[in-house]
Amino acid sequence: MMLKHKMVFLFVVFLIGFGLINVYVVWREITTSITVEMLNFGKEAVLHLRESMIEDVLSNNLLTIQDKVESFMKRYPQVRYVYLIGSDGALILHTFEKGFPKSLMNLNTPDSSLSIKTILTNDGKVYEISTVLVPGVGGELHVGLSEEYVLHHVNKAIMNMVFFGAFVVGIGGVTVLVSMRVIIYPLKELEEGVKKIMMGFYNHRIKIFGADELGYFSTAFNKMLEDLEMKNKQVQEYVNKLKTTLRSLKKSKERYKRVIESVGDGIITLSREGVILSYNRRAEELTGMKCSDAIGKRVDEILRIPIKLEVEDPVGTEVSFRNDRGDNVFLKIFIKKLTSDYGEWAIILRDITDEVIKNELNKKLLRYEQLLSIGELMVRIAHEINTPLTSILLSTELLLMKCKNRKMKEKLEEIISKVEICKERVNELMKLARTGAAIKRELIDIAKLIDDSISYCQACKCYGNFSIVKNYEYGKYLVIADPTGLREVFENIILNAFQAMRDHGVLTIDIKDDNEFVYVYISDTGVGIPEENIHRIFEPFFTTKKGQGNLGLGLSIANAIVKAHRGEIFVESKVGKGSTFIIKLPRGFNI
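Everything quoted here is computed from the prediction, not taken from an experiment.

Novice: I would appreciate a short explanation of the packing of aromatic side chains in the present structure.
Specialist: The description of an aromatic ring pair rests on the distance of the ring centres and on the angle between the ring planes. According to the stated counting rule, one finds nine aromatic pairs in the structure shown. On the numbers, 6.0 Å between centres and 20° between planes, the contact of Tyr81 with Tyr83 is stacked. We note that Tyr81, like Tyr83, is buried. Each ring, one from Phe466 and one from Phe498, has its centre 4.8 Å from the other, and the planes form 5°; the classification is stacked. Of the two residues, Phe466 is situated in strand S12 (residues 465–471) and Phe498 in helix H11 (residues 483–501); the sequence distance between them amounts to 32 residues. Like Phe466, the residue Phe498 is buried in the burial classification. Three or more aromatic residues joined by ring pairs make a cluster, and in this case those are Tyr81, Tyr83, Phe96 and Phe100. The ring of Tyr521 carries Lys512 above its face, with NZ or CZ at 5.3 Å from the centroid. Just above the ring of Phe517 sits the side chain of Lys584; from NZ or CZ to the centre is 4.3 Å.

Encoded structure:
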């Protein structure tokens, strides 16, 4: 819609609204005035009618009364009805064509003066005026004045006002339209000028419309166009320089990106708050997280270790990290402070997994060589010790058989006990040294073998008030293995469980399998193993029961036997909750 049309529309709406309000106010005032005049006139007419009928009423001349009433109604068309009631309360006369409505009886009883009452009928509102028919005698005269008469005259006046108002509105609209054309034309020229500017034609100029406000505005607008044209040329020159600089920056950025992506280390740039700004391809490979997922997150959420962005760390910190793919990697993390706009800090991730594994393998190889040397030495020492011990044991037993002295017998029995303990320790050393030397091959039922081990452990002195839960079937879990060796493995672990639970607890044994392996789960509700000891429990001579005559070889021997079967032992433990030993054995074992 054009501006001039809008202004004309608003002007017409204003006039119509203003006119409707005036019409309503005038209608209300006229209606009130005419109604008041009609009622005042009605009072005088009723009193005049009553005075003219007093003699006829007293002489009971009904025909004369009827003529006077009919003449009264013809003279005053606003009268709707007339009826008279005698002093005895009987209806004398009425002008209703369909019969006198009984609802009017006693509805507007007059007092000493005139009584006016508004009555709603099916034909509209009626103002009824009643008075005493014969003063001093009685009776009633009722005259009903129709509101329809008032409304007819009011509506006629309003319609004249409406027609006159419409005429004024039309004349005003045309006048405004003509006047607006004179004002709108310069504004339209300005509008066209603005459109030209929006299209980039800064050399466009508009006409000067006289020396009034519009002329001054046109002059100022042209001056603005001249300034815009000059500024546009400067902007274009600056934009061209920026484009050249941007192309150079893009090349530098691509070169920098290729360098960052080609390095063998993961590089992460961070904001002052530790939020990741960039993330190269090597960092994606090491952490297992895509760059799009990492950008915007904090670096400690990705690496899951606290990173302090306070001072540089050129030496690097070695950490073990499990990435989002589930791979365990060893990283060396360097922290470098940056001065570029890419971030305040840089985190460099260097993969040292191969180095760590190589070092661990070297340590294990060295330890294996040491243990091998110790094993050979133990075999020699055990052999050298075992022969004298056997001689001492035999000689002591012969002396015990011949001895009659009680005290001497006790001393000899003590010697025999100590010698047997020494032989048992020597045998443990021999077992550790010769674990994989000779293993029998038999098809055995793991479930029955575990039952035998449980029975043996229950017969030992360490068995207390324990509950044993067995979750396995017989004849289902078969392996080719050495029954003697595996029995010793189970007995060692079950006895350790009894000792960990002390006097009471629950021992749970589960057996599971798949196509290649059988898994035995031995769980207790004992004291548990501290985290710092879990990785050492299979080391020879490591024990937490010092002073109790333990060499710490039980789990070492068990581990060696399982490894000789090409199996593995795993441990899960929580202090105060208990431990679970998992023995993994292959179904078919070939030496």
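Novice: What's the story with the pattern of salt bridges in this structure? I'm lost.
Specialist: Where charged atoms from two side chains of opposite charge approach closely, those side chains can pair. Applying the stated criterion across every chain, the model contains eleven salt bridges. Measuring nitrogen to oxygen at the nearest pair gives 2.9 Å for the salt bridge that ties Glu285 to Arg282. Placement of both Glu285 and Arg282 in helix H5 (residues 281–287) is noted, with a separation of three residues, approximately one turn of the helix. Looking at Arg282, the relative accessible area reads 22%, which means it is partly exposed. For Arg282, the salt bridge identified is with Asp351, shortest N-O distance 3.5 Å. Of this pair, Arg282 sits in helix H5 while Asp351 sits in strand S10 (residues 345–351), and the two are 69 residues apart along the sequence.

Novice: What is the right way to read the nonpolar core from this model?
Specialist: One recurring pattern in soluble globular proteins is that nonpolar side chains are buried together. Grouped together as the largest cluster of nonpolar side chains are 40 residues, with contacts concentrated most on Ile446, Ile450, Phe490, Ile509, Ile522 and Ile583. If you tally residues by element for this core, the top one is H11, at nine residues. Core analysis: the next-biggest nonpolar cluster, separate from the first, contains 23 residues, Leu49, Ile54, Val69 and Leu93 among them.

Novice: Please clarify how the environment of Lys68 should be interpreted in this entry.
Specialist: Counting through the fold element by element, Lys68 comes out in helix H2 (residues 62–75). When the C-alpha atoms of Lys68 and Met53 are compared, they prove to be 7.7 Å apart, with 15 residues separating the residues in sequence. A polar contact of 2.7 Å, which involves the side chain of Lys68, links it to the side chain of Asp56.

Novice: What am I meant to see in the sheet that holds strand S1 (residues 79–85) here?
Specialist: For sheets, the rule is that strands pair by backbone hydrogen bonds, running either parallel or antiparallel. The five strands lie next to each other as S2-S1-S5-S4-S3, forming an open sheet whose pairing is antiparallel. The open sheet has two edge strands with one neighbour each: strand S2 (91–94) and strand S3 (115–121). Pairs of neighbouring strands in the sheet enclose a mean axial angle of 20°, with direction left out of account.

Novice: Can you walk me through H2 in this structure?
Specialist: Count 3.6 residues to each turn of an α-helix, and residues three or four apart come out pointing the same way. Here H2 spans 20 Å end to end across 14 residues, near enough to the 20 Å set by a 1.5 Å rise per residue. Taken residue by residue, H2 has Ile65, Val69 and Phe72 as its buried positions. Mapping the buried residues of H2 onto a view down its axis gives an arc of 60°, with all of them on the same face. More than 90 degrees from the buried face of H2, the exposed residues found are Leu63 and Lys74.

Novice: What is the right way to look at the pairing of strand S15 (residues 517–523) in this model?
Specialist: Look at any regular strand and the pattern is simple: side chains alternate between the two faces of the sheet. For S15, the buried fraction is high: five of the seven residues fall into the buried class. Taken together, strand S14 (residues 504–513) and the strand that follows it, S15, pair antiparallel across an intervening segment of three residues. As paired elements, S15 and strand S17 (residues 578–586) share seven bridges and run antiparallel to each other. Looking at the pairing, Ser523 lines up with Thr580 of S17.

Novice: Looking at this structure, I do not really get unusual backbone geometry. What am I missing?
Specialist: Trans peptide bonds make up most of the peptide bonds, and negative phi angles are found at most residues other than glycine. The backbone of Asn60 shows a phi angle near 60°, a positive value even though the residue is not glycine. Topologically, Asn60 is positioned in the loop between helix H1 (3–58) and H2. Overall, the relative accessible area of 56% leaves Asn60 in the exposed class. At Asn106, a position not held by glycine, the phi torsion is positive, near 65°.

Novice: Any chance you could explain H11 here in plain terms?
Specialist: Relative to the 27 Å expected for 19 residues at 1.5 Å per residue, H11 spans 27 Å between its end C-alpha atoms, a close match to the ideal helical length. In terms of burial, H11 is a largely internal element, 14 of the 19 residues being buried. Where H11 begins, the side chain of Asp482 points an oxygen toward the backbone nitrogen of Thr484, at a separation of 3.3 Å. With its phi angle positive at about 60°, Arg502 sits one or two positions after the end of H11.

Novice: In this structure, what is going on with the side chain of His142? I would like to understand it.
Specialist: Here His142 is to be found in strand S5 (residues 138–146). Within the local environment of His142, its side chain forms a polar contact with the side chain of Glu140, the two groups lying 2.6 Å apart. Those residues within four positions of His142 in sequence are excluded, and the remaining contacts are Tyr81, Val82, Tyr83, Ile85, Asn108, Pro110, Glu128, Ile129 and Ser130.

Novice: For this particular structure, what's the right way to read the confidence of the model for the protein?
Specialist: If pLDDT is low for a region, its predicted coordinates should not be looked at in detail. Averaged over the protein, the pLDDT score is 78; the fraction of residues at 70 or greater is 79%. The least confident element of the protein is helix H3 (residues 147–198), whose mean pLDDT is 70; the most confident is S15, at 94.

Novice: What exactly am I supposed to notice about the environment of Ile537 here?
Specialist: Tracing the backbone shows Ile537 in the loop between helix H12 (531–534) and helix H13 (554–564). In sequence terms Ile537 and Ser556 are 19 residues apart; their C-alpha atoms lie 7.7 Å from each other.

Novice: What is the right way to read the sheet that holds strand S9 (residues 328–337) from this model?
Specialist: Overall, antiparallel pairing links the five strands, which are arranged S7-S6-S10-S9-S8 in an open sheet. Each edge of the sheet is formed by a strand with only one pairing partner; in this case those strands are strand S7 (276–279) and strand S8 (313–322). Strand-to-strand, the axes of this sheet are offset by a mean angle of 25°, without reference to chain direction. Where S8 lies against S9, seven bridges are found, and the strand directions are antiparallel. Residue pairing in the sheet places Ser320 in a bridge with Phe330 of S9.

Here is what the cut-offs are and how they apply
- Residues numbered from 1 in each chain as written.
- Predicted model: local features only at pLDDT ≥ 70, side-chain atom pairs only at ≥ 80, totals over all residues.
- Heavy atoms only, no water.
- Phe/Tyr/Trp six-rings, centres within 6.5 Å; stacked < 30°, edge-to-face > 60°.
- Buried < 20%, exposed > 50% of the residue type's maximum accessible area, 1.4 Å probe, protein only.
- Helix = DSSP H or I, 4+ residues; strand = E, 2+ residues; numbered from the N terminus.
- Lys NZ or Arg CZ within 6 Å of the ring centre and 35° of its normal.
- Salt bridge = Lys/Arg side-chain N within 4 Å of Asp/Glu carboxyl O.
- Core = buried A, V, L, I, M, F, W, Y, C linked by side-chain atoms within 4.5 Å.
- Polar contact = N/O pair within 3.5 Å; in protein donor to acceptor, adjacent residues only side chain to side chain.
- Pairing = 2+ DSSP bridges.
- Axes fitted to C-alpha atoms, helices over the stretch in contact; angles between N-to-C directions.
- Expected span 1.5 Å × (residues − 1).
- Arc of directions from axis to C-beta.
- Contact = heavy atoms within 4.5 Å.
- pLDDT = per-residue confidence, 0-100.

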